[in-house]
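Observations on the three-dimensional arrangement
Take a look at the letters that make up each chain.
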Amino acid sequence: MRLIEIAMASAITMSIGGVSYVALNPAKLQSRAQVVADQATCRTVDTAIVGYLMNNGTAPTSIRQLKDYVRGDISKYRIVDGVAAGPGCAKA
């Protein structure tokens, strides 16, 4: 029984150590946050493309046409084959 207690204590200690390392590694946290933000922005641009199409009956050909559909800077994105292309977007 004592061996199980030691193993559990070791596992908990290793988990805490891993969490502490990540907490003390802000560059890794920032990098992951940027990836998630880019993916969300790509989805937002795709949604704006659909909104524009529904409101105008034609697909947008330029990101500038979506300025009324998106809050924020989407200047890093472009429209390729009717979908968003840029940071965080899946490559076709």
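Each remark here, short or long, concerns the structure printed above.
1. Things to note about the overall build of the protein chain
Regarding its fold elements, the protein chain presents 2 helices and 2 strands. The helix and strand sequence of the protein chain, counted from the amino end, reads α-α-β-β. In the protein chain, buried positions account for 22% of the 92 residues. Summing over all exposed atoms, the protein chain offers an accessible surface of approximately 7200 Å²; the carbon and sulfur share of this is 61%.

2. Description of the side chain of S62
Note that S62 resides in the loop between α2 (26-56) and β1 (78-80). Given a relative accessible area of 16%, S62 falls into the buried group. Here the side chain of S62 touches R64 through a polar contact of 3.1 Å, landing on its backbone nitrogen.

3. Let's talk about α2
Taking 1.5 Å as the rise per residue, α2 with 31 residues should run 45 Å; its terminal C-alpha atoms sit 44 Å apart, in good agreement. Regarding α2, the residues found buried are D38, C42, V45, A48, I49, G51 and Y52. Contact partners of the buried residues in α2: β1 and β2 (83-85). Just past α2, the residue G57 takes up positive phi, approximately 80°.

4. A look at the pattern of salt bridges
Pairing of side chains with opposite charge becomes possible as their charged atoms draw close. All chains considered together, the criterion is met by 1 salt bridge. A salt bridge links K67 to D68; its shortest N-O distance comes to 3.6 Å. Here K67 matches D68 in class, with each residue exposed.

5. Looking at the state of the cysteines
Inspection of the entire model under this criterion finds 1 disulfide. Sulfur-sulfur distance for the disulfide between C42 and C89 comes to 1.9 Å. Residues C42 and C89 share a disulfide whose torsion about the S-S bond is about 115°; that sign makes it right-handed. Remark: C89 occurs in the segment after β2 and C42 occurs in helix α2; sequence separation between them is 47 residues. The exposure classification of C42 matches that of C89, with both residues buried.

Criteria and thresholds
Residues numbered from 1 in each chain as written. Predicted model: local features only at pLDDT ≥ 70, side-chain atom pairs only at ≥ 80, totals over all residues. Heavy atoms only, no water. Helix = DSSP H or I, 4+ residues; strand = E, 2+ residues; numbered from the N terminus. Buried < 20%, exposed > 50% of the residue type's maximum accessible area, 1.4 Å probe, protein only. Areas by Shrake-Rupley, 256 points an atom, 1.4 Å probe, with all protein chains shown as cover. Polar contact = N/O pair within 3.5 Å; in protein donor to acceptor, adjacent residues only side chain to side chain. Expected span 1.5 Å × (residues − 1). Contact = heavy atoms within 4.5 Å. Salt bridge = Lys/Arg side-chain N within 4 Å of Asp/Glu carboxyl O. Disulfide = S-S within 2.5 Å.

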